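# A closer look at the structure
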Amino acid sequence: MSDILKLVGSRIRDIRKLRGLSQESLAEKAGFNSSYIGFIERAERNISLKNIEKIANALEVGVHQLFTYVQVDGEFTDSEKHLKEITHMLRRRDSKDTEMAKNILIEIFKRYE
């Protein structure tokens, strides 16, 4: 099993769950058989670029987001626990929310400087 298939499959599963979609509902939105989504998420099928685009559209994300998968664990030292938690929360939000959070932090830090 290829690492890229595992990472993309995991990313699709994570985004699908964040959107509150079942494998069946994602498959329907993307125009696939429901078992196909399971195969992809378990890295049991090699997915074509065309099908990646269909899944990204069904998930309402850009194709690049299906390849952007950085595991939170191992990125930070134990002393950076809060940063790890914040990063985990932000990765579950859309770009508008993360931009708003960034702007709020900028304003907070300006007041403390």
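The structure under discussion appears in the preceding block.
A quick note: this is a predicted structure, and the numbers were derived from the prediction, not measured.

### Digging into the layout of surface pockets
Reported here for the second largest pocket is a volume of approximately 200 Å³. Lining the second largest pocket we find 13 residues, and of these Arg11, Gln65, Arg91, Arg93 and Asp94 sit closest to its centre. Mapped by element, the contributors of at least two residues to the lining of the second largest pocket are α1 (3-18), α5 (81-91) and α6 (95-112).

### Examining helix α3 (residues 34-41)
Every buried residue belonging to α3 is among Tyr36, Ile37, Gly38, Ile40 and Glu41, and all of these are buried. On the buried face of α3, the contacting elements are α1, α2 (23-30) and α4 (49-59). One or two residues past the end of α3 sits Ala43, with phi positive at roughly 60°.

### Let's talk about the packing of aromatic side chains
According to the stated counting rule, one finds 1 aromatic pair in the structure shown. Their ring planes at 55° and their centres at 4.9 Å tell us that Phe32 and Tyr36 sit as a pair that is tilted. Taken as a pair, Phe32 and Tyr36 share a single burial class, namely buried. Of note, Arg45 hangs over the ring of Phe39, and the distance from its end group to the ring centre comes to 4.1 Å.

Parameters at a glance
- Residues numbered from 1 in each chain as written.
- Predicted model: local features only at pLDDT ≥ 70, side-chain atom pairs only at ≥ 80, totals over all residues.
- Heavy atoms only, no water.
- 1 Å grid on protein atoms, 1.4 Å probe; cavity = no way out; pocket = protein on both sides within 12 Å on 5 of 7 lines; lining within 4 Å.
- Points joined across faces, edges and corners; volume = space filled by probe spheres on them.
- Helix = DSSP H or I, 4+ residues; strand = E, 2+ residues; numbered from the N terminus.
- Buried < 20%, exposed > 50% of the residue type's maximum accessible area, 1.4 Å probe, protein only.
- Contact = heavy atoms within 4.5 Å.
- Phe/Tyr/Trp six-rings, centres within 6.5 Å; stacked < 30°, edge-to-face > 60°.
- Lys NZ or Arg CZ within 6 Å of the ring centre and 35° of its normal.

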